[in-house]
Amino acid sequence: MTGEIIVATGNAHKMQEIREILSDPGLGLVSMSEAGIDVEIIEDGSTFAENAIIKARAVAMASGRMALADDSGLVVDAMDGEPGIQSARFMGRDTSYDIKNRAIIDRVNEYCRRQASAEGSGAEDAAGAAAEEAAEEAAEEARPGSLADGTPGPLRSARFVCAVAAVWPDGRVECVEGVMEGRIGYEIAGENGFGYDPIFFLPEKGKTSAEISPEEKNALSHRGQAFRKMKELLDEEQ
């Protein structure tokens, strides 16, 4: 993959990540603003892939050049897949991620407490009201949905998903996807990431994706996986 390619994004953090992932002296990645592209893009797809294609197609048609776009987001099982494709718009685009992240933690905590309560309600009467009450109090005080070591357990499962699309001016489309599995943490932690990174706990690292180095994150991340797949696909065509 060589030459200048327009990336359909105005997100500076995302653009920096993409440049780091696709580090290649022969590749010139430019954002929409750097390429002088100003086109309204309505992301009305129902999947990450559809939205990525919509963005890349709009920029390819406006520029007459091949364009890359990604659509990514956080999928939380305890929230029935939210925020999903609405990740950037969840609770409003202008709402700070500190507020969004706190809201997600609270909702996942509540889900885990409900699950614990439902399991407890099936206890045998012989256990006694006192034992039930003690168990409920302990569950409320403990980190809800945690493993024995206090780290987030399976009830807090979530994943980052990224779809990357390439669209050519002649209408040809290629699309790939990357997924990074994790869990929703108990607090906002880390300074290296952005968006939902500070609450996305990686069990294999024992840290959030905002607490690991950018190099570690790019090696593991949904966006890193997807853009490397796309680079391989485009390299094969040359």
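Preceding this section is the structure that the text describes.
Residues numbered from 1 in each chain as written. Predicted model: local features only at pLDDT ≥ 70, side-chain atom pairs only at ≥ 80, totals over all residues. Heavy atoms only, no water.

J.: Break down the overall build of the protein chain for me, with residues and values.
T.: Looking only at helices and strands, the protein chain features six helices and seven strands. The N-to-C order of helical and strand elements in the protein chain reads β-α-β-α-β-α-α-β-β-β-β-α-α. Evaluated residue by residue, the protein chain yields a buried proportion of 42% over its 238 residues. Restricting to contacts in the protein chain with at least 6 residues of sequence separation, those with at least 24 account for 60%. (Helix = DSSP H or I, 4+ residues; strand = E, 2+ residues; numbered from the N terminus. Buried < 20%, exposed > 50% of the residue type's maximum accessible area, 1.4 Å probe, protein only. Contact = heavy atoms within 4.5 Å.)

J.: Explain the pattern of salt bridges to me, using residue names and the numbers behind them.
T.: Taken as a whole, this structure holds 16 salt bridges when the rule is applied. The residue R89 makes a salt bridge to E43 at a minimum N-O spacing of 3.7 Å. Note that R89 is positioned in the loop between β3 (67-76) and α3 (97-120) and E43 in the loop between β2 (27-31) and α2 (48-63), a separation of 46 residues in sequence. Judged by relative accessible area, R89 falls into the partly exposed class, the value being 22%. By relative accessible area, which is 25% here, E43 ends up partly exposed. A salt bridge links K205 to E216; the nearest nitrogen and oxygen atoms lie 3.1 Å apart. Residue K205 is found in the loop between β6 (200-202) and β7 (207-208), and its partner E216 is found in helix α5 (residues 214-220); the two are separated by 11 residues along the sequence. Connected through salt bridges with shared partners, the residues K14, E17, D70, D197, K217 and R223 form a single ionic network. (Salt bridge = Lys/Arg side-chain N within 4 Å of Asp/Glu carboxyl O.)

J.: So what's going on with the nonpolar core? Residues and values would help.
T.: Counting 19 residues, the largest nonpolar core has L22, L29, M66, L68, V164, F227 and M230 as the members making the most contacts within it. Taken together, the elements giving at least two residues each to this core come down to β1 (3-7), α1 (12-21), β2, β4 (157-167) and α6 (222-237). For this core, the element with the most residues is α6, which contributes four residues. (Core = buried A, V, L, I, M, F, W, Y, C linked by side-chain atoms within 4.5 Å.)

J.: Tell me about the side chain of N109, and name the residues and values.
T.: Along the chain, N109 turns up in helix α3. Among the polar contacts listed, one links the side chain of N109 to the side chain of R156, at a separation of 2.8 Å. (Polar contact = N/O pair within 3.5 Å; in protein donor to acceptor, adjacent residues only side chain to side chain.)

J.: Could you give an account of the packing of aromatic side chains, naming the residues involved and the relevant values?
T.: In total, this model carries two aromatic pairs according to the counting rule given. Taking the centre distance of 4.4 Å and the plane angle of 40° together, the rings of F160 and F200 count as tilted. Taken together, the residues F160 in strand β4 and F200 in strand β6 connect sequence positions 40 residues apart. Assessed through its relative accessible area of 6%, F160 is described here as buried. The buried category is assigned to F200, whose relative accessible area is 0%. Its end group placed over the ring of Y97, K100 keeps NZ or CZ at 4.4 Å from the ring centre. Lying across the ring of W168, R172 places its NZ or CZ 3.8 Å from the centre. (Phe/Tyr/Trp six-rings, centres within 6.5 Å; stacked < 30°, edge-to-face > 60°. Lys NZ or Arg CZ within 6 Å of the ring centre and 35° of its normal.)

J.: An account of the environment of D106 is requested, with residue identities and associated values reported.
T.: Looking at the element boundaries, D106 is found in helix α3. Once the C-alpha coordinates of D106 and Y186 are considered, the two residues, 80 residues apart in sequence, prove to be 8.7 Å apart.

J.: Can you break down the packing of α1 against α6 residue by residue, with the values?
T.: Here α1 crosses α6 at 55°, and the two axes come no closer than 10 Å. Classified by the angle their axes make, α1 and α6 are oblique. The two elements α1 and α6 meet at a crossing, and its hand is right-handed. In this structure, α1 uses K14, E17, I18 and I21 to contact α6, whose residues at the interface are R223, G224, F227 and R228. Per-class residue counts for the contact of α1 with α6 are three nonpolar, one polar and four charged. (Axes fitted to C-alpha atoms, helices over the stretch in contact; angles between N-to-C directions. Parallel < 35°, antiparallel > 145°, perpendicular 65-115°, else oblique. Left-handed = near helix turned anticlockwise from the far one by under 90°. Nonpolar A, V, L, I, M, F, W, Y, C, P; charged D, E, K, R; others polar.)

J.: Give me the lowdown on the side chain of T208, citing residues and values where you can.
T.: Along the polypeptide, T208 turns up in strand β7. When neighbours within four sequence positions are excluded, T208 is seen to be in contact with A189, D197, P198, F200, F201 and L202.

J.: Tell me about unusual backbone geometry, and please be specific about residues and values.
T.: With the exception of glycine, the majority of residues adopt a negative phi angle, and the majority of peptide bonds are in the trans configuration. Omega for the bond connecting E82 with P83 falls within 30 degrees of zero, at -10°, which places this linkage in the cis form. Phi is positive for M91, which is not a glycine, with a value near 65°. Along the polypeptide, M91 turns up in the loop between β3 and α3.

All we've got here are geometric facts, nothing functional implied.
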